[in-house]
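Inside the fold
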Amino acid sequence: MSKYRTHNCNELNEKNTGDNVVLSGWVNKKRDHGNLLFLDLRDNYGITQCIIDKENSHFVKLERLQLETVIRIDGKVVKRSNDSINKEINTGGIEVSIDSFEILGVCRELPLPVFSNQEYAEEIRLKYRFLDLRRKKIHENIILRSKVISFIRNEMNKLGFLEFQTPILTSSSPEGARDFLVPSRLNPGKFYALPQAPQQFKQLVMVSGFDKYFQIAPCFRDEDARADRSPGEFYQLDLEMSFVEQEDIFNVVEELFVNTFKNFSNKRLLFNKFPRITYKETMLKYGSDKPDLRNPLLINDITDIFLRKDVSFEIFKKLVNSGSNVRCIVTKNTRDKPRSFFDNIDKWAKEQGASGLAYFTIEKDNDIHAKGPVGKFFSKESLNEIMSQTGAEIGDSVFLACGKLNELEKITSLARDKIAKDLNLVDENVFAFCWIIDYPMFEIDEFSKKIKFSHNPFSMPQGDKNKINFEKPLEILAYQYDIVCNGIELSSGAIRNHIPELMYKLFNVAGYSKIDVEKKFSGMINALSYGAPPHGGIAPGIDRIIMLLANEKNIREVTMFPMNQNAQDLMMNAPSSVNESQLKELNLSLKTKK
RNA sequence: GGGGGUGUAGCUCAGUUGGUUAGAGCGAUCGCCUGUCACGCGAUAGGUCGAGGGUUCGAGUCCCUUCACUCCCGCCA
């Protein structure tokens, strides 16, 4: 028998009545009646109410125990009377009458209450993370995380994938995010880099003939944090398959995600077969490449309306003539919404830095006409045309924005979210997955105006390999895809380019010579030159999957020991200074601070 | 690098137009209480109002600088 317990704190019930038991755990809560003390003992599994009265010599010591002290209790299970049963906890039918106890771990005065639904400042939570992690919600989130990862491993194994580890100390890559660098002691002046993702390694695994690979892979990127983005490190379900096309990857991922999300959430999946939306289409309809498909609102381009003679909305017409576009969002049956509803949205848009959102509502008395501040600018015929282009009907409202394509996409995307929120159109009990496909291979850099890779330079371009028109690089599409759920980007993936000659040509478009490519990606190019299978994969973010399943808005809520926004670990004091001898051994010296 | 929000007791917060000795709940300490499960009742201790400077007869409150945390933009192939 264990010295510390015969049962955990979630096990005992009426059937144990009369048993002598040993429990160990934390003092979660005391209710002291002076001559009678209730003490809730908590462990990982649950809570058991323990009780002691003044007759017992241990009473005074127990009465004075600090909450969160770790104790062992010897006692007897007692059935509770019917009127004192607690249905909130699994052990609520019984209580343990304490015979004796022992303190196993003393606890100082707490910097934050553990048993409380209060919310606390992030700083104190992170500094005392070990206390924060004892709290119910986050404790459960971390357990959920473990279970989800275990489930995914199991599913991947069932699907025939092999799990491999790839190096953590590797070489710096020229593309992408900033690397974390690690100085090499044995190679003075040289640095390892922590992998931003095992991208090249997993391709090498395919070249090595292993066929299907996965890994719950740590990834390191020295970029600034967001609510859904940890600074420094995060985890991906990294996977890669040989002899596959895009469709094969989609099938595996859809099966995995449907199973995982059905298993760990009560929310409904809006699509079991995830819709595929081209990049071009999503940027038009949703203004974003991570659309939230729970939101039914769509964006339409109605620029041509403003070239008509019977439309007299001069501000927009002038902008359209100088190259701007007009896009609109139609809201169904909003004719009875108060003026304030519309004005609030217009005001909100101005706060977002846009010039506002014009709007009108389509009405019909004898004739169709538009009501609202800009309604008078639209003829009956032009309204009919808008209705046929957008599907708007009598009683619907049309919100209009005008601008250059980039800013127009941005504001209409935000407006789509804002309006849906105001009209309460988003079903929170749903997961809406989709694939974004057909990403362009290249794009123009906004500042340098040069051609650059829009995503992964190792992606396979679409179409006949011999007929790709490198003269028009912006028209080349890639077998490059994203998976999105509820407006959150879970992952990018691609069919890889396994043909070195083709890779040289594509890099050439982006301004890299053959020698550049050989220098920077020598390992990769070399490997692809010795018989590489066609292959592709994807790498969904584990942390974001858990966020969705745990219904959390911040990634720290599903991360055991997260860093703060400035990439500091407040509990371990990382990063920290190192002493001179460590630096010397690494052949490093620090520039003196300003 | 830039923009927004927050910062008052160990924790969560209130603090009016600038005006007496800065308050509450929880926690802590002490006392009372034998059926609670957010137990109840009473008392006590606990404050560099993030820091520095300024305006003023007078600053938690107004102004400037700065720090911390956070959200967003940039960034994240």
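Quick summary incoming for the structure in this document. All values derive from a computational prediction rather than experimental measurement.

What counts and how
Residues numbered from 1 in each chain as written. Chains lettered and ligands numbered in written order. Predicted model: local features only at pLDDT ≥ 70, side-chain atom pairs only at ≥ 80, totals over all residues. Heavy atoms only, no water. Salt bridge = Lys/Arg side-chain N within 4 Å of Asp/Glu carboxyl O. Helix = DSSP H or I, 4+ residues; strand = E, 2+ residues; numbered from the N terminus. Buried < 20%, exposed > 50% of the residue type's maximum accessible area, 1.4 Å probe, protein only. Axes fitted to C-alpha atoms, helices over the stretch in contact; angles between N-to-C directions. Parallel < 35°, antiparallel > 145°, perpendicular 65-115°, else oblique. Left-handed = near helix turned anticlockwise from the far one by under 90°. Contact = heavy atoms within 4.5 Å. Nonpolar A, V, L, I, M, F, W, Y, C, P; charged D, E, K, R; others polar. Arc of directions from axis to C-beta. Near = heavy atom within 4 Å. Polar contact = N/O pair within 3.5 Å; in protein donor to acceptor, adjacent residues only side chain to side chain. Pairing = 2+ DSSP bridges. Core = buried A, V, L, I, M, F, W, Y, C linked by side-chain atoms within 4.5 Å.

On to the pattern of salt bridges, then. Within this structure, the stated rule accounts for 40 salt bridges. As a salt-bridge pair, Lys332 and Glu393 come within 3.1 Å of each other at their nearest N and O atoms. Remark: Glu393 occurs in the loop between helix H10 (380–390) and strand S17 (397–403) and Lys332 occurs in the loop between strand S14 (325–331) and helix H9 (339–351); sequence separation between them is 61 residues. For Glu393, a relative accessible area of 46% puts it in the partly exposed group. Of the charged contacts, one joins Asp422 and Lys418 as a salt bridge, the two residues approaching to 3.4 Å between their closest N and O atoms. With Asp422 and Lys418 both in helix H11 (residues 405–422) and four residues apart, this pair spans about one turn of that helix. Connected through shared salt-bridge partners, Arg125, Arg129, Asp132, Arg135 and Glu557 make up one network.

What follows is about the packing of helix H4 (residues 136–158) against helix H15 (residues 542–550). Two numbers describe how H4 lies on H15: the axes approach to 10 Å, and their chain directions differ by 125 degrees. Between H4 and H15, the crossing angle belongs to the class labelled oblique. The element H4 and its partner H15 pack so that their crossing is right-handed. Along its contact with H4, which presents Lys137, Asn141, Leu144, Arg145, Val148, Ile149 and Ile152, the element H15 presents Ile542, Asp543, Ile546, Leu549 and Ala550. Taken together, the residues that form the contact of H4 with H15 break down as eight nonpolar, one polar and three charged.

Here we come to helix H8 (residues 314–321). Structurally, the α-helix is built with 3.6 residues per turn, so residues lying three or four positions apart point the same way. Among all positions in H8, only Phe316, Lys317 and Val320 are buried. On an axial view of H8, the arc spanned by its buried residues comes to 100 degrees, and they lie on one face. Those residues of H8 that are exposed and angled more than 90 degrees off the buried face are Ile315, Lys318 and Asn321. Looking at the residues trailing H8, positive phi occurs at Gly323, about 105 degrees.

What follows deals with the protein's contact with RNA strand B. Around RNA strand B, a shell composed of 48 residues is seen, among which Lys29, Asp32, Asn35, His455 and Asn554 lie nearest. The sugar-phosphate backbone supplies 54% of the atoms of RNA strand B found within 4 Å of the protein. The backbone of Gly34 places a nitrogen or oxygen atom 3.1 Å from a base nitrogen of RNA strand B. A distance of 2.6 Å is found between a base nitrogen of RNA strand B and a side-chain nitrogen or oxygen belonging to Glu95. At the level of secondary structure, the elements contributing two or more residues to the surface near RNA strand B comprise strand S1 (20–32), strand S2 (36–42), strand S3 (47–53) and helix H2 (122–127). Looking at the surface near RNA strand B residue by residue, the classes come out as 13 nonpolar, 17 polar and 18 charged.

Let's shift gears to the sheet that holds S1. With mixed pairing, five strands are arranged side by side around a closed barrel as S1-S2-S3-S5-S4. Geometrically, the sheet is characterised by an average inter-axis angle of 55 degrees between neighbouring strands, direction not taken into account. Sheet topology places S2 next to S3; seven bridges connect them, and they run antiparallel. Residue pairing across strands places Leu36 opposite Asp53, the latter belonging to S3.

Another aspect to go through is the pairing of strand S19 (residues 433–437). Most of S19 is tucked away: five of the five residues are buried. Bridging between strand S12 (residues 276–278) and S19 involves three bridges; their strand directions are parallel. Its bridge partner lying in S19, Thr278 is registered against Ile437. Pairing analysis gives four bridges linking S19 to strand S22 (residues 480–485), with the strands arranged antiparallel. Opposite Phe433, over in S22, you have Cys485 as the bridge partner.

Moving on, we get to the environment of Tyr481. Relative to the helices and strands, Tyr481 is located in strand S22. In this structure the C-alpha to C-alpha distance between Tyr481 and Pro167, which are 314 residues apart in sequence, comes to 26 Å. Within the local environment of Tyr481, its side chain forms a polar contact with the backbone oxygen of Ala494, the two atoms lying 3.3 Å apart.

What follows concerns the nonpolar core. Ranked by internal contacts, the top residues of the largest apolar core, which has 66 residues, are Phe257 and Phe433. The element contributing the most residues to this core is helix H6 (residues 246–264), with nine residues. The contact partners of Phe257, leaving out residues within four places of it in the chain, are Lys262, Phe274, Phe433, Ile483, Leu490, Pro540 and Ile545. Ranked by size, the runner-up nonpolar core spans 24 residues in total, among them Ile302, Ile305, Phe378 and Leu400.

This part covers the sheet that holds strand S9 (residues 212–221). Adjacent strands of a sheet pair through backbone hydrogen bonds, lying either parallel or antiparallel. Strand order in this open sheet of eight strands is S6-S9-S10-S24-S23-S22-S19-S12, and the pairing throughout is mixed. Taken across any chain shown, the strands that pair with only one partner, and hence form the sheet edges, are strand S6 (162–163) and S12. Where strand S10 (residues 232–242) lies against strand S24 (residues 535–538), four bridges are found, and the strand directions are antiparallel. Each bridged residue has a counterpart across the sheet, and for Met241 the counterpart in S24 is Gly536. Here H6 sits on the sheet and contacts S10, S12, S19, S22, strand S23 (488–495) and S24; the angle it forms with S19, its principal contact strand, is near 160 degrees.

Next up on the list: helix H5 (residues 199–207). Buried within H5 are the following residues: Gln199, Lys202, Gln203, Val205 and Met206. Down the axis of H5, the smallest arc covering the buried residues is 150 degrees, so these residues share one side. Where H5 is buried, its residues contact S9, S10, helix H14 (522–528) and S24. Just past H5, the residue Gly209 takes up positive phi, approximately 90 degrees.

Relative to the assigned elements, Asp40 resides in strand S2. When its relative accessible area of 10% is taken as the criterion, Asp40 is described as buried. At 2.9 Å, the side chain of Asp40 forms a polar contact with the side chain of Arg31. The residues contacting Asp40, other than those within four sequence positions of it, are Trp26, Val27, Asn28, Lys29, Arg31, Ile47, Thr48 and Gln49.

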